[in-house]
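Spelled out from the first residue to the last, the chains are:
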Amino acid sequence: MKNAPWFTRFASRVARLAGHPATFGVAAGLMVVWAAIGPFAGFSDVWQLTVNTGTTIVTFLMVFLIQNTQNRDSAALQIKIDELIRATEVARNVLLDLEEHSEDEIGEIRKEYRRLAAEARGERERDRKHQRENRMET
């Protein structure tokens, strides 16, 4: 990622740091400090506005940073899956751009895979039943 644009590097680093347990601890600690200051600040409007403004700004900015990272990760994962489909001889290459299909088309393909899964479960149950019968005969 050394040659990635600065925003990509920045967004990835912030997203990693935001998900770290220590970051949660720091945020929780700040909330405890803020709450502890409340009685000394008279639970004033400024006291409340401070945390509201701070959390709103952080949340607003984090949405964009995390979405950038998520978009990039999803695209990379999609490419990896496409490569596996392409490289597997028995796979259907029509599934390579599935994310570009309409909801109805995806729904039809989903129905087909559910049918295939049900058939596979039926075959597995028949195999188990056959194995049990064979064990009973011996």
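Residues numbered from 1 in each chain as written. Predicted model: local features only at pLDDT ≥ 70, side-chain atom pairs only at ≥ 80, totals over all residues. Heavy atoms only, no water.

Where an unreviewed UniProt entry is consulted, the protein chain appears under the name Low affinity iron permease family protein, with the organism given as Inquilinus limosus.

**Remarks on the layout of surface pockets**
Over the atoms, a rolling probe the size of a water molecule traces out where space has been left empty. Looking at the largest pocket, its volume works out to about 180 Å³. Together, Ala27, Leu30, Met31, Trp34, Val51, Gly54, Thr55 and Val58 line the largest pocket. Listed by contribution, the elements that provide at least two residues to the lining of the largest pocket are helix H2 (21-37) and helix H3 (45-87). Along the lines of polarity and charge, the residues of the lining of the largest pocket split into six nonpolar, two polar and no charged. (1 Å grid on protein atoms, 1.4 Å probe; cavity = no way out; pocket = protein on both sides within 12 Å on 5 of 7 lines; lining within 4 Å. Points joined across faces, edges and corners; volume = space filled by probe spheres on them. Helix = DSSP H or I, 4+ residues; strand = E, 2+ residues; numbered from the N terminus. Nonpolar A, V, L, I, M, F, W, Y, C, P; charged D, E, K, R; others polar.)

**Here's the deal with the domain arrangement of the protein chain**
Under the domain assignment used here, the protein chain contains domain 1 (1-91) and domain 2 (97-137). Taking only C-alpha atoms, the centre of domain 1 and the centre of domain 2 are 39 Å apart. (Domains from an automatic or database assignment.)

**Brief notes about the packing of aromatic side chains**
Where two aromatic rings form a pair, the distance of their centres and the angle of their planes describe that pair. By the definition in use, this model includes five aromatic pairs. Measuring from centroid to centroid gives 4.1 Å for tryptophan 34 and tryptophan 47, while their planes differ by 5 degrees, and the two rings are stacked. Here the residue tryptophan 34 occupies a position in helix H2, and tryptophan 47 occupies one in helix H3, the gap between them amounting to 13 residues. Taking relative accessible area as the criterion, tryptophan 34 reaches 25% and is therefore assigned partly exposed. (Phe/Tyr/Trp six-rings, centres within 6.5 Å; stacked < 30°, edge-to-face > 60°. Buried < 20%, exposed > 50% of the residue type's maximum accessible area, 1.4 Å probe, protein only.)

**Brief notes about H3**
In this model, H3 (43 residues) spans 62 Å end to end at C-alpha, consistent with the 63 Å of a helix rising 1.5 Å per residue. The complete set of buried residues in H3 reads Trp47, Val51, Met62, Leu65, Thr69, Asp82 and Ile85. (Expected span 1.5 Å × (residues − 1).)

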